[in-house]
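Here are the chains, one letter per residue:
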Amino acid sequence: MSVNVELKMESGSQIGVVAEGTYLWDAAKRFGVRLPAECEGRGECDTCAVIIEEGATLLSGLTEAERERLSPERLAAGERLACQAKVVSGGNLILRPVQNTERAETTEETVTDFRKEFKQMPLDKKLATLVQLEAVAAFEAINVVANLPYVVFEKGLDLLAGRGRTLSRREREARRPAEHRPVAPPSVDEVKNPST
Ligand code: FES
């Protein structure tokens, strides 16, 4: 069954049709809109939050991640995490992204804000900030170098096993909400002795 989706952006509405089982984040992507996704769809941030204006009943139930990340007020206002909510039945769905003033900023947004702020700083504050950043960068560089052999080793193993592509597909699946993963069939022992 298909769903008519209207994604309301500041620049205008994107309208299209998506299939049942599509996550809202993927639906937006199909319309050419990349919603922010700081945690890459693991349900560990709220940057992909959207407000459902119509069609909330067409979506899968709230996941644990959504209950954790979105306050009762935000849930009551119709917010969902686009990487956690998927379309489960046909109809009309209208949604819009939550503005970055109402949710956590992505790293990219923080960098942009910092650039603007930095531009407006007086020279002495700019210099002090640069010294601070230099110290942080040096510390991070030491950490990276210290961990490098392990990273290279792990990558090497992945390549040897030829798992590159499969891995990314598996990773994507692994990021899906636990509530949406297929339930494993019972083992022979469980069937024979249901009480165990
Ligand atoms: S991308 Fe982080 S919760 Fe959806």
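For the structure itself, look to the data block above.
Quick caveat, the model's predicted, so the values are computed rather than measured. (Residues numbered from 1 in each chain as written. Predicted model: local features only at pLDDT ≥ 70, side-chain atom pairs only at ≥ 80, totals over all residues. Heavy atoms only, no water.)

## A closer look at the overall build of the chain
- Along the chain, the regular secondary structure elements total seven helices and five strands.
- Taken from the N to the C terminus, the helices and strands of the chain come in the order β-β-α-β-α-α-β-β-α-α-α-α.
- The 196 residues of the chain split such that 29% are buried.
- Across the chain, the fraction of contacts at a sequence separation of at least 24, relative to all contacts at a separation of at least 6, is 65%.
- Summed over its atoms, the accessible surface of the chain is roughly 13,300 Å², and 57% of this surface lies on carbon and sulfur atoms. (Helix = DSSP H or I, 4+ residues; strand = E, 2+ residues; numbered from the N terminus. Buried < 20%, exposed > 50% of the residue type's maximum accessible area, 1.4 Å probe, protein only. Contact = heavy atoms within 4.5 Å. Areas by Shrake-Rupley, 256 points an atom, 1.4 Å probe, with all protein chains shown as cover.)

## As for the side chain of Thr106
- Position of Thr106 relative to the elements: it lies in the loop between β5 (91–97) and α4 (107–120).
- Here Thr106 falls in the buried class, since its relative accessible area comes to 7%.
- In contact with Thr106, other than residues within four places in its own chain, are Pro36, Glu38 and Thr47.

## Considerations on the packing of aromatic side chains
- Inspection of every chain in the model, using the stated rule, returns one aromatic pair.
- Here the aromatic rings of Phe114 and Phe118 are separated by 5.8 Å at their centres, their planes lie at 40°, and the arrangement is tilted. On the criterion of helical spacing, the pair formed by Phe114 and Phe118 is a turn pair, its members being four residues apart in helix α4.
- Look at Phe114 and you get partly exposed, because its relative accessible area is 33%.
- Given the relative accessible area of 21%, Phe118 is considered partly exposed.
- Taking the ring centre of Phe118 as reference, the NZ or CZ of Lys126 above it sits at 5.7 Å.
- One residue, Arg176, lies across the ring of Tyr23, its end atom 4.1 Å from the ring centre. (Phe/Tyr/Trp six-rings, centres within 6.5 Å; stacked < 30°, edge-to-face > 60°. Lys NZ or Arg CZ within 6 Å of the ring centre and 35° of its normal.)

## Structural notes on the pattern of salt bridges
- Applying the stated criterion to the full structure yields eight salt bridges.
- A salt bridge links Lys8 to Glu53; its shortest N-O distance comes to 2.7 Å. Of this pair, Lys8 sits in strand β1 (residues 2–9) while Glu53 is found in strand β3 (residues 49–54), placing the two residues 45 residues apart along the sequence.
- Taking the relative accessible area as the measure of exposure, Glu53 reaches 38% and is therefore partly exposed.
- With its nearest N and O atoms 2.6 Å apart, the salt bridge here joins Arg96 to Glu53. Within this pair, whereas Arg96 is found in strand β5, its partner Glu53 is found in strand β3, the two being separated by 43 residues in sequence.
- Note on Arg96: relative accessible area 31%, which makes it partly exposed.
- A cluster of three or more residues bridged by salt bridges with shared partners is formed by Lys8, Glu53 and Arg96. (Salt bridge = Lys/Arg side-chain N within 4 Å of Asp/Glu carboxyl O.)

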